[in-house]
Amino acid sequence: MKKSLLVLAATASLAAAGAAQAQANDTLKKIKDSGAVTMGVRESSGGLSFTLGDGKYVGFHVELCQHVLADVQKQLGLPKLEIKYQPVTSQNRIPLVQNGTVDIECGSTTNNATRQKDVAFAVTTYVEEVRIAVKANSGITSIGQLNGRKVATTTGTTSVQTLRKNERATGVNFEEVFGKDHADSFLLVESGRADAFVMDGQILAGLISKSKNPNDFKIVGEVLSVEPIAIMIRKDDPVFKKAVDATLIGMMKSGEMAKIYDKWFMQPIPPSNTKIGLPASEATKAAWANPNDKPMEDYAKK
């Protein structure tokens, strides 16, 4: 009898835990009950997500998320939906999604197999190529020339690991220096405290376009890796993921996503009204033509 009671108690405990977990991951219920949603945004992630100051955030992924949330508002029948913007960093973005602080992260996060254990990703909306930015007069044109140099990267990102794993970097020894965010990492190169900055090509292009003297910098070297960038949401919430994906796939099929991309990457953008000048890559266009949430590892397969 006691054994049966223990089994029943354990079953009830598991059921309660499961219910609590389900409720924790019921993002749509949370949004409907509160009339608010928190969007994770980045301060300096190129044309994908950046700040204009005074709590204003813009960019390709920010605008896509605004479209997603407008559809969520309609789906839930909310007369008003308050969007709270929460700046995140490379270090804290995943924990803030996991613990419920951020409901939808609209920055520049790579979808990879390791991260998929902790969070979920919407369909890929941007495919990135990791490159190297240097001063134009540095003479550096390839990975091999980084030997003995200082290489900047942003804390919490995967770019330097990617560089170290690259077969062309065999025997190349460099000193790693860290910026707290992408703007800080670029400043390390700008100020001469680093010889190169390894990061997503669009982030490098965006930072160069906004610098005081864009012609003083260039993006060089081999493509280090190809990475699918996607909007990040909590794991185990298929209903919310379906809602997010539905909006994004609709925009891909209608051509609206290509128009928004053009706005942020091919036209003058605030605050300086300069162009990043980075056309959508063939890999990005392929992701729009065949929507999927495959991790980075699938892109590395020959």
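Our structure's up above, just so we're on the same page.
Residues numbered from 1 in each chain as written. Predicted model: local features only at pLDDT ≥ 70, side-chain atom pairs only at ≥ 80, totals over all residues. Heavy atoms only, no water.

1. Things to note about the state of the cysteines
One covalent bond between the sulfur atoms of two cysteine residues makes up a disulfide.
Now for step 1: Summed over the entire model, instances satisfying the criterion amount to one disulfide.
Now for step 2: Each sulfur in the disulfide pair Cys65 and Cys106 lies 2.0 Å from the other. Between Cys65 and Cys106, the S-S dihedral sits near -100 degrees, and the bridge is therefore left-handed. With Cys65 in helix H3 (residues 60-76) and Cys106 in the loop between strand E6 (104-105) and strand E7 (119-121), the pair connects residues that are 41 residues apart, well separated along the chain.
Now for step 3: Cys65 sits in the buried class, given a relative accessible area of 0%.
Now for step 4: A relative accessible area of 0% means that Cys106 is categorised as buried. (Disulfide = S-S within 2.5 Å. Helix = DSSP H or I, 4+ residues; strand = E, 2+ residues; numbered from the N terminus. Buried < 20%, exposed > 50% of the residue type's maximum accessible area, 1.4 Å probe, protein only.)

2. Some words on the side chain of Asn112
Now for step 1: Here Asn112 is to be found in the loop between E6 and E7.
Now for step 2: A polar side-chain atom of Asn112 sits 2.8 Å from the main-chain amide nitrogen of Arg115. (Polar contact = N/O pair within 3.5 Å; in protein donor to acceptor, adjacent residues only side chain to side chain.)

3. Quick notes on the packing of aromatic side chains
Now for step 1: Summed over the entire model, instances satisfying the criterion amount to nine aromatic pairs.
Now for step 2: Between Phe50 and Trp264 the ring centres are 6.0 Å apart and the planes differ by 80 degrees, which places this aromatic pair in the edge-to-face class. Of the two residues, Phe50 is situated in strand E3 (residues 49-53) and Trp264 in helix H9 (residues 256-265); the sequence distance between them amounts to 214 residues.
Now for step 3: Here the aromatic residues Phe60, Tyr126, Tyr261, Phe265 and Trp288 are joined through ring pairs into a cluster of three or more.
Now for step 4: Over the aromatic face of Phe50 sits the side chain of Lys210, whose NZ or CZ is 3.6 Å from the ring centroid. (Phe/Tyr/Trp six-rings, centres within 6.5 Å; stacked < 30°, edge-to-face > 60°. Lys NZ or Arg CZ within 6 Å of the ring centre and 35° of its normal.)

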